[in-house]
Amino acid sequence: MVDQLPNLGREAEMLATMGMSSMDDLFSDVPDEVRIQGLLPLPDPQSEEEIIADARRLLGSNVALGQRVSFLGAGLYRNYVPAAVFQLITRGEFLTSYTPYQPEVSQGMLQAMWEFQTLISELVGLPIANLSLYDGSTAAAEAITCCVRVHTRKATQKDTVYVSELTPPDRMSVIENYCQGAEIKINMLRHNPDGTVMLSSAQDAAGSCGVYVEQPNPIGVLDGGLPLLKEIIGQNTALIVAVQPVSLGLVEAPGAYGADIVVGEGQPLGSPITGGGPIYGIFACSKPYLRLMPGRIVGRSIDVDGKEAYCLTLSTREQHIRRHRATSNICTNETLIALMGAMHMSLLGPEGLRDLAVRNMAACTLGKQKLSAIKGVHLPHASSHHFQEFVLELPGKASECLSYLDGVGIVGGFDLHRWYPAQPNWLLVSFTDQTKSNEIELLAAHLEVWVASQGVTA
Amino acid sequence: MSHLFDHHGASGKGYSQPAPVLPASELSLPDTLVRKQAPRWPRISEPEMVRHYTWLSKRNFGIDTGFYPLGSCTMKHNPRVNEVIAQLPGIADIHPHQPEHHLQGLLSIYHEMQYMLEVCAGMDQVTLQPVAGAQGEFTAVRCIQEYFRLRGEDQRTKVIVPDSAHGTNPASAAMCGFEIVEIPSRVDGRIDLDALRAVADETTAVMMITNPNTLGLFEADILEATSIVHDVGGQMYYDGANFNAILGITSPGLMGFDAVHFNLHKTFSQPHGGGGPGSGPIGVKAHLADFLPGPIVKKRPIVGDEAKHAVDDMWFGWYQPTHSIGKVQQWHGNAGAIIRCWAYYRRYGNGLKTMSEHAVLNANYLRHVLHREAEAAGVGDMIVDGAETKVAKHEFTISLEPAKERHGISAMDIAKGLLDMGYMAPTVYFPLVVPECMMIEPTETESKETLDTFAIDFAKVLQVDAETLHAAPITTPVRRVDEVYAARNLCLRHPYDDE
Ligand SMILES: Cc1ncc(COP(=O)(O)O)c(C=O)c1O
């Protein structure tokens, strides 16, 4: 503490300047009835060395995925983030700034975010992107409330949206919390047994305010039918597509097949998983949504000398101006993490993004070949295309399989029973650019042993 | 100028990557899904990229660059060890879906943070899930909404906010579906109890208020306000953005509040470069605890062979509150921010009170010397206090109304003049109740010399003539930016040549 407070020991001098004699004088306006008596029941202050030692001890007891062979993804993915990103992000001018309320001294961050908007816009194929929302789930939720604001007047199914039934419950819960205040009715969009969207169910959504789907979807399926959706639901119903951004190195940009809003977890571009945060939510949209969209946005402008300059714009949508009529309550967002994303995207370039996507998909394809060869396991969506993860149907409980794999040092994936109660035997296995072929062999070998232990003869 | 999209060089391969485990030719995609046009991203080598972002950083002002007295934002120094800790693999490389026995260290830190915040706030249960102050507000108001629904008090449809409240307060309550009732503040900026009495009734669900308020004044009538709201059956919500003034001195619990959020990125120094990330945990009294978003962390003694994974011989587990509103962020909040704030708190421990005392000392000292230096320079009459008070808390407001009336110099002009002196400008035009408002928050990490020099420089800016100030700033990377032009000629991304 002593190294953080420059005026420790100078209190008397400063108080005297003000004609005060004790620190208590500064709190003369705080009534006795509400005063804390004595010290807070907390430990004594620690030095930097003690803190870092304890951090190493406590965090060292966590199992970092890098210590294991890991196939856990399910929405967050362990991509390699280049060293330059981590070095640059610690520059104090970036790290210790805040919302660029004074554009003249914030041009660096403003320009970087305008570039981020461009990078995201190009990535997803839509003209407008904001500076980030909190995460993929709040981006999805805000996209849904946004599409209702835009479309409900003309909609035949007022205040109604259709959300993919595969949406993970945790994400769904965020969506429900954000939607309940506006009394938005959420219907389920059905899927076929192969994991693709049931187009007849999509027909029901025509005339509603919006449809929310994910590509690849939560069970890893790349849905070749999504390009048909916009025509089915029509111009007055928003098509909202959530993406894993790295997949867009290979997979068509949703803007090219009619998506009106694209959202997603930005994390695989620029950020380690970090226990699920801070990461950043992507939000991009087409023109009709611009004035009712959430979040901050940077515009390119000029200064009084006509020189190129950047500033926040369209702020009249936001809470500090519009208060309870704002399009969202968001104020502090995830800009610094979005900046890491921008740096990663810059280094990749278009071909690098493609290569990265290929590496993810190649690992997944190899995984599919190796794991589907195991007798007794079955790929329920084998006929579909996958980008980086797929479902394995096991001859026993996925939770038990995961425990077994954990015992041999493998983080085997995600137990889909936690999302889909009817599927106790579904394991979601994920692959990234970090997955090696010998790791896939190792998983296959151990799965074979576990499957055999289930007494299965296929 | 350095423009990212001017770079078309490098090899066109991006940074070099290992070969895929299978050749690209073996991958198959449905024809409808093959990407047809690659994103028109730049092609830039690492040296060029590093130089570009370094150049950008030099055009940006942070706490590390200089004094950053941005009121309501608590721009204090960010201790560097926290950044080192947040990059350890035990936090950077962990997944929220890993089993509990993989995450005992993380969970124990969560538990310690929940406890520490409960103690500081005088609340019974904290959740760390909300990822910003505004999301904390939303979460707490949602919990209260479900609490009333369960009690069958559906008629409580209104949320009261003072007109001095931060914009997120009404925005968050409106997102929950509440009707907003705004009440005026008194001329001294404090809450108007009569106005509160006039609107509080059986339709009141929540009153949202911050204390010290957004003018930096302690609401001495707070107990009276809480009892007015409680008497009609409503709940009191504490906007904790101004916690930096009160740690260890008073608490929302003692003031009678039912729920509170923290802005950890302010009070506990999570760096939020450019506007985020944040962390906005909330604390509630026992009657609201069952409604919190889950999971939260509980601890119990270890059993069986748990010792091999345990830290400190306790077991830390996720727990779902019975009537939980569900989730507000898909994962476990901003874990990386929680870790940094934990490292920050450990530095102070039970000395957090000293931290708040110094925040208040610095604010009052600056308030004093600012007026003194302005007087000495003969420009004391250009500024007046935003609200009359003997002491301020961690921040204070001044009004430039006299300067505006007499010389046509606005708060914005002074702000721009301060940029020329090498400072970040204070918050301007907030709170809305103070005309030509400047809200100044020095924080505890600024030295007396910095405050003295700032006061002298501020007085210098007050002496500058209107014409010169209207033209300020002149020393910054760009001069006054035309925000109207930006809004009229929307250019929200790089215009490619064919567009
Ligand atoms: C008084 C007050 N309340 C609430 C907030 C909202 O917090 P956040 O920006 O973390 O969402 C802020 C800060 O921006 C604030 O100053």
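Calculation criteria
Residues numbered from 1 in each chain as written. Chains lettered and ligands numbered in written order. Predicted model: local features only at pLDDT ≥ 70, side-chain atom pairs only at ≥ 80, totals over all residues. Heavy atoms only, no water. Helix = DSSP H or I, 4+ residues; strand = E, 2+ residues; numbered from the N terminus. Rg over C-alpha atoms; globule rule 2.2 N^0.38 Å. Buried < 20%, exposed > 50% of the residue type's maximum accessible area, 1.4 Å probe, protein only. Contact = heavy atoms within 4.5 Å. Areas by Shrake-Rupley, 256 points an atom, 1.4 Å probe, with all protein chains shown as cover. Lys, Arg positive; Asp, Glu negative; His and termini not counted. Charge placed at Lys NZ, Arg CZ, Asp CG, Glu CD. 1 Å grid on protein atoms, 1.4 Å probe; cavity = no way out; pocket = protein on both sides within 12 Å on 5 of 7 lines; lining within 4 Å. Points joined across faces, edges and corners; volume = space filled by probe spheres on them. Domains from an automatic or database assignment. Nonpolar A, V, L, I, M, F, W, Y, C, P; charged D, E, K, R; others polar. Near = heavy atom within 4 Å. Polar contact = N/O pair within 3.5 Å; in protein donor to acceptor, adjacent residues only side chain to side chain. Sits in = over half its atoms within 2 Å of the grid points. Buried area = accessible area lost by both parts, 1.4 Å probe. Salt bridge = Lys/Arg side-chain N within 4 Å of Asp/Glu carboxyl O. Pairing = 2+ DSSP bridges. Axes fitted to C-alpha atoms, helices over the stretch in contact; angles between N-to-C directions. Parallel < 35°, antiparallel > 145°, perpendicular 65-115°, else oblique. Left-handed = near helix turned anticlockwise from the far one by under 90°. Core = buried A, V, L, I, M, F, W, Y, C linked by side-chain atoms within 4.5 Å. Disulfide = S-S within 2.5 Å. Phe/Tyr/Trp six-rings, centres within 6.5 Å; stacked < 30°, edge-to-face > 60°. Expected span 1.5 Å × (residues − 1).

### Remarks on the overall build of chain B
Stage number 1. For chain B, the count of helices and strands is 17 helices and 13 strands.
Stage number 2. Computed over C-alpha atoms, the radius of gyration of chain B comes to 26 Å, within 12% of the 23 Å expected from 2.2 N^0.38 for 499 residues, which places it in the range of a compact globule.
Stage number 3. Projecting the C-alpha coordinates of chain B onto the three principal axes gives extents of approximately 75 × 65 × 45 Å.
Stage number 4. When burial is assessed residue by residue, chain B has 68% of its 499 residues classed as buried.
Stage number 5. Across chain B, contacts joining residues at least 24 apart in sequence account for 73% of those joining residues at least 6 apart.
Stage number 6. As displayed, chain B offers around 15,900 Å² of accessible surface, 51% of which is attributable to carbon and sulfur atoms.
Stage number 7. With 42 positive and 60 negative side-chain charges, chain B shows a spacing of 4 Å between the two charge centroids.

### Thoughts on empty space enclosed by the protein
Stage number 1. Evaluated as defined, the whole model comprises six cavities of 30 Å³ or more.
Stage number 2. Here the largest cavity is characterised by a volume of approximately 270 Å³.
Stage number 3. Taken together, 25 residues form the lining of the largest cavity, with A:G75, A:R171, A:E214, A:P216 and A:V243 sitting closest to its centre.
Stage number 4. Mapping the lining of the largest cavity onto the domain boundaries places at least three of its residues in each of domain 1 (68-76 + 349-453) and domain 2 (84-344) of chain A.
Stage number 5. In this model, the second largest cavity occupies a volume close to 150 Å³.
Stage number 6. Taken together, 18 residues form the lining of the second largest cavity, with B:H166, B:T168, B:A241, B:N263 and B:K266 sitting closest to its centre.
Stage number 7. Those elements giving two or more residues to the lining of the second largest cavity turn out to be helix 5 (133-150) and helix 9 (264-267) of chain B.
Stage number 8. Broken down by element, the lining of the second largest cavity gets its largest block of residues, three residues, from helix 5 of chain B.
Stage number 9. Classifying every residue of the lining of the second largest cavity by side-chain character gives four nonpolar, eleven polar and three charged.

### Digging into the site of the ligand
Stage number 1. Taken together, 15 residues form the shell around the ligand, and within it A:T332, B:S72, B:A134, B:D239 and B:K266 come nearest.
Stage number 2. Nearby residues place the ligand at the junction of chains A and B.
Stage number 3. The side chain of B:S72 places a nitrogen or oxygen atom 2.4 Å from an oxygen atom of the ligand.
Stage number 4. Between an oxygen atom of the ligand and a side-chain N or O atom of B:H265, the distance comes to 2.8 Å.
Stage number 5. Surface burial for the ligand is 99%, taken as the share of its 390 Å² of free accessible area covered by protein chains.
Stage number 6. A majority-of-atoms criterion places the ligand in the second largest cavity.
Stage number 7. For the shell around the ligand, the elements supplying multiple residues, two or more each, are helix 5 and helix 9 of chain B.

### Notes on the interface of chain B and chain A
Stage number 1. Every contact between the two is made by 206 residues of chain B and, on the other side, 191 residues of chain A.
Stage number 2. With both sides pooled, the region where chain B packs onto chain A buries about 17,200 Å², and carbon together with sulfur makes up 62% of that total.
Stage number 3. At the boundary of chain B and chain A, one finds 15 salt bridges.
Stage number 4. Residue A:E252 is joined to B:K36 by a salt bridge in which the shortest nitrogen-to-oxygen separation is 3.3 Å.
Stage number 5. The tally of links between chain B and chain A comes to 107 residue pairs in polar contact (both at pLDDT 80 or more).
Stage number 6. Ranked by the residues each element gives to the side of chain B that touches chain A, the list is headed by helix 12 (residues 352-376) of chain B, at 14 residues.
Stage number 7. Tallied by class, residues from the side of chain B that touches chain A come to 107 nonpolar, 63 polar and 36 charged.

### Considering the sheet that holds strand 11 (residues 396-399) of chain B
Strand pairing in a sheet is mediated by backbone hydrogen bonds. Such pairs are either parallel or antiparallel.
Residues and elements named next belong to chain B.
Stage number 1. Strand order in the open sheet formed by four strands is 10-11-13-12, with antiparallel pairing between adjacent strands. Each end of this open sheet is capped by a strand with a single partner; those strands are strand 10 (384-385) and strand 12 (427-428).
Stage number 2. Relative to strand 13 (residues 437-440), strand 11 is paired through four bridges, and the arrangement is antiparallel. Bridge pairing in strand 13 places T397 opposite M439.
Stage number 3. With respect to the sheet, helix 12 is in contact with strand 10, strand 11 and strand 13, its orientation differing from that of strand 11 by roughly 20 degrees.

### Quick look at the packing of helix 11 (residues 335-372) of chain A against helix 1 (residues 46-58) of chain B
Stage number 1. It is the contact of helix 11 of chain A with helix 1 of chain B, at a shortest axis distance of 10 Å, that shows an interaxial angle of 150 degrees. Here helix 11 of chain A is positioned roughly antiparallel relative to helix 1 of chain B, judged by the angle of their axes. The chirality of how helix 11 of chain A crosses helix 1 of chain B is right-handed. Here A:L339, A:A342, A:M343, A:S346 and A:L347 of helix 11 of chain A lie close against helix 1 of chain B, whose contacting residues are B:E46, B:M49 and B:Y53.

### As for the nonpolar core
One broad trend across soluble globular proteins is that nonpolar side chains are buried collectively.
Stage number 1. Counting 126 residues, the largest nonpolar core has B:I85, B:M113, B:F268, B:L352, B:I414 and B:F458 as the members making the most contacts within it.
Stage number 2. For this core, the domains that each give at least three residues are domain 2 (81-351) and domain 3 (353-484) of chain B.
Stage number 3. Formed by 105 residues, the second largest nonpolar core is a distinct cluster that contains A:I282, A:L339, A:A398 and B:F5.

### A short note on the state of the cysteines
Residue and element names in this part refer to chain A.
Stage number 1. This structure, assessed with the given rule, holds zero disulfides over all chains.
Stage number 2. Its sulfur unpaired, C285 is 6.3 Å from the next cysteine sulfur, which belongs to C146.
Stage number 3. A residue is classified by how much of its surface remains accessible, and C285, at 0% relative accessible area, is buried.

### Regarding the packing of aromatic side chains
All names here are of chain B.
Stage number 1. Counted under the stated rule, the structure contains 21 aromatic pairs over all chains.
Stage number 2. Ring plane angle 75 degrees and centroid distance 5.0 Å describe the contact between F67 and F454, whose orientation is recorded as edge-to-face. One end of the pair, F67, is in the loop between helix 1 and helix 2 (81-86); the other, F454, is in helix 15 (residues 448-463), with 387 residues separating them in the sequence. Both residues of the pair, F67 and F454, count as buried.
Stage number 3. The interplanar angle of 15 degrees and the centroid separation of 4.4 Å between the aromatic rings of F243 and F262 together place this pair among those described as stacked. Here the residue F243 occupies a position in the loop between strand 5 (235-240) and strand 6 (259-262), and F262 occupies one in strand 6, the gap between them amounting to 19 residues. Across the pair, F262 and F243 agree in class, each one buried.

### Quick look at the sheet that holds strand 7 (residues 282-284) of chain B
Residues and elements named next belong to chain B.
Stage number 1. Ordered by their spatial adjacency, seven strands build an open sheet running 1-7-6-5-4-2-3, and the pairing between neighbours is mixed. Across the chains shown, the open sheet's two edge strands, defined by having one partner strand only, are strand 1 (125-127) and strand 3 (179-183). Put simply, the sheet's adjacent strands are angled 20 degrees from each other on average, direction ignored.
Stage number 2. With four bridges connecting them, strand 5 and strand 6 associate as parallel partners. When the sheet's bridge partners are listed, G240 is paired in strand 6 with F262.
Stage number 3. Along the sheet face, helix 4 (residues 104-121) touches strand 1 and strand 6 and points at about 125 degrees away from the line of strand 1.

### Quick word on unusual backbone geometry
Stage number 1. A cis geometry characterises the amide bond from A:Q215 onward to A:P216, with omega recorded as -5 degrees.
Stage number 2. Summarising the element assignment, A:P216 is placed in the loop between strand 5 (210-215) and strand 6 (221-222).
Stage number 3. Cis geometry is found at the peptide bond from B:G294 to B:P295, where omega equals -5 degrees.
Stage number 4. Note that B:P295 resides in the loop between helix 10 (286-289) and strand 8 (296-301).
Stage number 5. One non-glycine residue, A:S132, adopts positive backbone phi at about 110 degrees.
Stage number 6. In this fold, A:S132 is placed in the loop between strand 2 (128-129) and helix 6 (136-151).

### Quick notes on helix 5 (residues 107-124) of chain A
Within an α-helix, residues lying three or four positions from one another point in the same direction, as the helix has 3.6 residues per turn.
Stage number 1. Over its 18 residues, helix 5 of chain A runs 26 Å from end to end, which matches the ideal 26 Å to within 8%, given 1.5 Å per residue.
Stage number 2. Of all 18 residues that make up helix 5 of chain A, 18 are buried, and the element is covered over most of its length.

### Regarding the domain arrangement of chain A
Residue and element names in this part refer to chain A.
Stage number 1. With domains assigned, chain A is organised as domain 1 (68-76 + 349-453) and domain 2 (84-344).
Stage number 2. Listed per partner, the contact involves 25 residues of domain 1 and 28 residues of domain 2.
Stage number 3. Surface buried jointly by domain 1 and domain 2 totals about 2,000 Å² across both partners, of which 69% is contributed by carbon and sulfur atoms.
Stage number 4. It is L76, F387 and W419 in domain 1 that bury the most area against domain 2; as a group they hold 30% of the surface buried on that side.

### What about the side chain of B:S447?
Stage number 1. Structurally, the position occupied by B:S447 is in the loop between strand 13 and helix 15.
Stage number 2. Classification of B:S447 as buried rests on a relative accessible area of 18%.
Stage number 3. Only 3.1 Å separates the side chain of B:S447 from the side chain of B:T450, close enough to count as a polar contact.
Stage number 4. Sequence-distant contacts of B:S447, defined by excluding residues within four places in its chain, comprise A:P6 and A:N7.

### Some words on the side chain of B:D457
All names here are of chain B.
Stage number 1. Locating D457 in the fold gives a position in helix 15.
Stage number 2. Exposure remark for D457: the relative accessible area of 10% places this residue in the buried category.
Stage number 3. If we ignore the near neighbours within four places in the chain, the residues touching D457 are M421 and Y423.

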